[in-house]
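Chain by chain, the residues run as shown.
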Protein chains: 2
Amino acid sequence: MVDRIGLLKRPASPRGRRVPAKGDDDLAGLAWGLAHPARAAILRLLLERGECVCGAIVDSMPLAQATVSQHLKVLKETGWIEGEIDGPRVCYCPTAGAMTRFKQLLQSLESGERR
Amino acid sequence: MVDRIGLLKRPASPRGRRVPAKGDDDLAGLAWGLAHPARAAILRLLLERGECVCGAIVDSMPLAQATVSQHLKVLKETGWIEGEIDGPRVCYCPTAGAMTRFKQLLQSLESGERR
DNA sequence: ATCGTTAATCGTCAATCTACGATATGATCG
DNA sequence: CGATCATATCGTAGATTGACGATTAACGAT
């Protein structure tokens, strides 16, 4: 069965025998955010510059505005970035601690910790 | 145009204005491998145990054998694990250095290095 | 109020993902 | 050889992704 009844947009950890390690969903979520080169590029840009208005991001990518906007949405939903409305435009910046959190989750994968 | 002419299974870095940082594809590829909770769980299991035969992995997950096999394939293709045929079964283990490489790529994201 | 700019959202299409049962392959045992 | 166990692969259904143009919404300026 392994549902997905419509509550979750992205696959949740399959429930079952193995205790689902809790961190797997979080890890998968953050990993998902980076799992597209365009999103990696956007995050790289933001980490380089600290922050950046949407338009500048669009200009730096060979993708349509709508597409970039979608990727920004994914990055926001997965917790990598935040957007702040700044007059008529939106300024994006990396979420503080997201990278650290991700690395922690990776570490917990390695060390078999249960968090 | 931003093609994808069939050579690549997963989205390649969109070509265009911004020099595509090269690492973005690698990073996205590895991230993709972890971007599903089941795959994170499998990798966790392998890192905990060092190695594990396929059947034991299947038994520990609430997924059909075919599905687990598919996830194992993705993990293999993205470079996270290796499988060694061991008599009638297949023994999987984490690829040495994959985690390190992934962390390096993350680091290069943060520091704006170009590799 | 109206216009222009900026960004998000809508609608759509083709491609891909995830899940599964069924089937094929491969090795070992009797 | 034939039966059996362990995995991989095939085929398929349904959901989701990623791309885009078009539209909408939100703001600031005229």
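Residues numbered from 1 in each chain as written. Chains lettered and ligands numbered in written order. Predicted model: local features only at pLDDT ≥ 70, side-chain atom pairs only at ≥ 80, totals over all residues. Heavy atoms only, no water.

As recorded in an unreviewed UniProt entry, chain A goes by Winged helix-turn-helix transcriptional regulator and comes from Eiseniibacteriota bacterium.

**Student:** Tell me about the overall build of chain A, and name the residues and values.
**Tutor:** For chain A, the count of helices and strands is five helices and three strands. When its helices and strands are written in sequence order, chain A yields α-α-β-α-α-β-β-α. Put simply, 52% of the contacts in chain A that link residues at least 6 apart link residues at least 24 apart. Counting every atom, chain A has about 5,900 Å² of accessible surface; 53% of that belongs to carbon and sulfur. (Helix = DSSP H or I, 4+ residues; strand = E, 2+ residues; numbered from the N terminus. Contact = heavy atoms within 4.5 Å. Areas by Shrake-Rupley, 256 points an atom, 1.4 Å probe, with all protein chains shown as cover.)

**Student:** So what's going on with the pairing of strand β3 (residues 89-94) of chain A? Which residues, and what values?
**Tutor:** Residue and element names in this part refer to chain A. Judged from the two bridges that link them, strand β1 (residues 52-53) and β3 form a sheet pairing that is antiparallel. For V53, the partnering residue across the bridge sits in β3 and is C91. Pairing of strand β2 (residues 81-86) with β3 involves six bridges; the strand directions are antiparallel. Bridging from a neighbouring strand, D86 pairs with R89 of β3. (Pairing = 2+ DSSP bridges.)

**Student:** Got a sec to walk through the side chain of A:T95? Specific residues and values, please.
**Tutor:** Residues and elements named next belong to chain A. Mapping T95 onto the fold places it in the loop between β3 and α5 (98-111). On the basis of relative accessible area, T95 is assigned to the buried category, the value being 18%. A distance of 3.3 Å separates the side chain of T95 from the backbone nitrogen of I81, its partner in a polar contact. Apart from residues no more than four positions distant in its own chain, T95 is found in contact with G79, W80, I81 and E82. (Buried < 20%, exposed > 50% of the residue type's maximum accessible area, 1.4 Å probe, protein only. Polar contact = N/O pair within 3.5 Å; in protein donor to acceptor, adjacent residues only side chain to side chain.)

**Student:** Tell me what's going on with the sheet that holds β1(A), and back it up with residues and numbers.
**Tutor:** Residues and elements named next belong to chain A. The three strands are arranged β1-β3-β2 in an open sheet whose pairing can be described as antiparallel. Each having just a single partner strand, β1 and β2 make up the two edges of the open sheet. Each of β1, β2 and β3 touches helix α2 (residues 37-49); the most contacted strand, β3, lies at about 85° to it. Sheet contacts for helix α4 (residues 65-77): β2 and β3; angle to β2, the most-contacted strand, approximately 120°. (Axes fitted to C-alpha atoms, helices over the stretch in contact; angles between N-to-C directions.)

**Student:** Describe the packing of aromatic side chains, naming the residues involved and giving the relevant values.
**Tutor:** In this structure the tally under the stated criterion is four aromatic pairs over all chains. With a centroid separation of 5.4 Å and 75° between ring planes, the pair formed by A:W80 and A:F102 is classed as edge-to-face. Here A:W80, found in the loop between α4 and β2, pairs with A:F102, found in helix α5; they are 22 residues apart in sequence, far enough to count as distant. Summarising the burial analysis for this pair, A:W80 and A:F102 share the class buried. Ring centres of A:F102 and B:F102 lie 5.9 Å apart, and the angle between their planes is 80°; on these two criteria the pair is classed as edge-to-face. Placement of A:F102 in helix α5 and of B:F102 in helix α5 (residues 98-111) is noted, with the two residues assigned to different chains. Like A:F102, the residue B:F102 is buried in the burial classification. (Phe/Tyr/Trp six-rings, centres within 6.5 Å; stacked < 30°, edge-to-face > 60°.)

**Student:** Before we move on, can you summarise helix α1 (residues 23-34) of chain B with the specific residues and values?
**Tutor:** Across its 12 residues, α1(B) extends 17 Å between first and last C-alpha, which sits within 8% of the 16 Å expected from 1.5 Å per residue. Residues B:G23, B:D24, B:L27, B:A28, B:L30, B:A31, B:G33 and B:L34 constitute the buried set of α1(B). Residues of α1(B) that are buried make contact with α1 (23-34), α2 and α5 of chain A together with α2 (37-49), α4 (65-77) and α5 of chain B. (Expected span 1.5 Å × (residues − 1).)

**Student:** Outline the confidence of the model for chain A, supporting the account with residue identities and numerical values.
**Tutor:** All names here are of chain A. Of all residues in chain A, 78% have pLDDT values of 70 or greater, and the mean over the chain is 85. For chain A, α5 is the element with the lowest average pLDDT, namely 94, and α4 is the one with the highest, namely 98. Counting contacts from residues 1-8, a segment whose pLDDT is below 50, to residues more than four positions away or on other chains yields four contacts. (pLDDT = per-residue confidence, 0-100.)

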